[in-house]
Every structure is written in structure tokens, then in C-alpha cells.
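Structural description and commentary
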Amino acid sequence: MLALEGICLRVEEGEFVSIMGSSGSGKSTMMNILGCLDKPTSGRYLLDNIDVSKMNDNQLSEIRNKKIGFVFQSFNLLPKLTSIENVELPMIYGGVSASERRKRAIEALDIVGLTHRMTHKPNELSGGQRQRVAIARAIAGNPSIILADEPTGNLDSKSTIEIIEIFQKLNADGATIVMVTHEPDVAMYTKRIVTFKDGHLISDKPVENPMIANSLGGVVS
Ligand SMILES: Nc1ncnc2c1ncn2[C@@H]1O[C@H](COP(=O)(O)OP(=O)(O)OP(=O)(O)O)[C@@H](O)[C@H]1O
Ligand SMILES: [Mg+2]
């Protein structure tokens, strides 16, 4: 059985797309392909006009490092490291110098509003704060694409709005974002909704007037 079949999806620079669909419909499989974590068994994936489906693992990891930031439902922070150390970690693998790593990590934590929690470890942070650290980690390498697989799946409505607000700001500043969500309310904050079913893309619609997240004001119903 194929996890995805006959999918044709084109995402332009600067879009904010949500992927919806029931469990097992192929959303994460799609994200793994978009993020160069998996290669399609057949078909092509062009990223910035380069066919990445033929690249080897080293080339793929280089592209991931340069262009893509990942955010996951379960945060995936290392428990023994502080916020700033978690944010710096991928840059160590990316060969960024220590002083530059520190500078970029502080900038990224500032964007997500967490400079006052830099030396806290994940178990000293709320779920929403952990996800903000994870977003800081994703953006510290200055990727052009952010891939988020159910980033608000474990969060309450207040934290959800805070996360969406950060994504909307990053998108306004030029990042291309693809986000999986199970919640129709959350998808209404994006600019386009793509729906999967049984490995097929069954709907692809723009959101006419995306909601604007304001963590100081409204909450998701
Ligand atoms: N590593 C794997 N090996 C084999 N089959 C897999 C693997 N991962 C996922 N699948 C299958 O591929 C299909 C799509 O799975 P995928 O994880 O992409 O779904 P999903 O839409 O992300 O679901 P969920 O909402 O539960 O996260 C499912 O039928 C699943 O069982
Ligand atoms: Mg999934």
C-alpha cells in the first residue's frame, strides 16, 4: 500500500499552508518528504527548482540544515539542556561558530518572547513555552521554510494562539510555512488549507480572510 499516491502540490514562497486530514491520511509522510527526511519512492520533489528526490543523504541533510526548520507536536527538546542550549544545538551540527551560535540563539529566543527563560530546562517550562523554544530552535538557522507537524496538538487554547501568532509574524517576515493541524479553527489562521484522505489530496482551498492571532485578545473557541 502507498502512503501517498498521485499527489500534486505546489507551495510558493511566502505561503502559509495548513494540511488537514484524518489520522493515517498521509500528512506526516508528506511533511517528511517536504522536509527532506524521506524520499518519495516514485515521483519528483522540486525544492527551489532543484530535484531533491535524487539526492544522497549527505546532500539532503545539507539542504535540511540550510533551508528548513522543523517543529513537532512533542517539542523534541533535549531535557538536560537549557532553552538556549537546545536552540544552539542544530547550529553546532551546522558548523556555526560558538559566538555566532549564541548571538543567533538569543535573537531567536527574543522573537518567541523567551529571553527571560534562556537558562531554564524544558521541565521548568510550560507546554507553550517549550514549543516556543522549539520554534526558536527551528528559526535560529534562518531557514526559508518552516514545517510544523501538529505544533499545537498538545497545547491549550491560549498557548495555541501564542504559537499561531508567532507563525503569522514569521510568515509576514517572509518565511514559507506548512503546518499540519487537526483543528479547523487553527487552520483558519493560515492562508490555504490542503486536505488529505487515504493518501490522496482531496481538497486545496485558499482561506479568504485568515483570522489574525492576537494572544493579548481573542482565544480559539
Ligand atoms: N514508517 C512507516 N512504515 C510503513 N508505513 C507507515 C510508516 N509511517 C506511516 N505509515 C503509514 O502511512 C500512512 C500515512 O501515515 P502518516 O503518518 O503520514 O499519517 P498522518 O496523516 O500523519 O496521521 P496522524 O494524523 O495520525 O499523524 C498510514 O497508513 C501509516 O500507517
Ligand atoms: Mg502525523
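In what follows, the accompanying structure is described. (Residues numbered from 1 in each chain as written. Chains lettered and ligands numbered in written order. Predicted model: local features only at pLDDT ≥ 70, side-chain atom pairs only at ≥ 80, totals over all residues. Heavy atoms only, no water.)

It is worth spelling out the overall build of the chain at this point. In terms of regular secondary structure, the chain is built from seven helices and eight strands. Against the globule reference of 17 Å for 221 residues, the chain gives a C-alpha radius of gyration of 17 Å, in line with a compact fold. Dimensions of the chain along its principal axes, counting C-alpha atoms only, are 45 × 45 × 30 Å. Summarising the internal contacts of the chain: among those between residues at least 6 apart in sequence, 68% fall at separations of at least 24. (Helix = DSSP H or I, 4+ residues; strand = E, 2+ residues; numbered from the N terminus. Rg over C-alpha atoms; globule rule 2.2 N^0.38 Å. Contact = heavy atoms within 4.5 Å.)

This part takes up the nonpolar core. In this structure, V87, I135, I146, F167 and L170 are the most contacted members of the largest nonpolar core, which totals 36 residues. Looking at this core, the elements with two or more residues in it are α3 (83-93), α4 (98-111), α5 (127-139), β5 (145-149), α6 (157-172) and β6 (176-180). Every residue in contact with I146, bar those within four places of it in the chain, is listed here: G69, V71, I139, F167, L170, A175, T176, I177 and V178. The next biggest cluster of nonpolar side chains, apart from the first, holds 22 residues, and it includes Y45, M55, I68 and L147. (Core = buried A, V, L, I, M, F, W, Y, C linked by side-chain atoms within 4.5 Å. Buried < 20%, exposed > 50% of the residue type's maximum accessible area, 1.4 Å probe, protein only.)

Here we come to the pattern of salt bridges. Scanning the model with the defined rule gives 13 salt bridges in all. A salt bridge links E62 to K66, with the shortest nitrogen-to-oxygen separation between them at 3.1 Å. One end of the pair is E62 and the other is K66, both in helix α2 (residues 57-67) and four residues apart, which spans about a single turn. K66 gets classed as exposed once you look at its relative accessible area, which sits at 57%. Between R101 and E88 there is a salt bridge, with its nearest N and O atoms 3.6 Å apart. Taken together, the positions of R101 in helix α4 and E88 in helix α3 put the pair 13 residues apart, joining distant regions of the chain. Overall, E88 belongs to the buried group, its relative accessible area being 7%. Taken together, the shared-partner salt bridges in this structure form one network comprising E15, R192 and D204. (Salt bridge = Lys/Arg side-chain N within 4 Å of Asp/Glu carboxyl O.)

The values reported here are purely geometric and, on their own, carry no functional implication.
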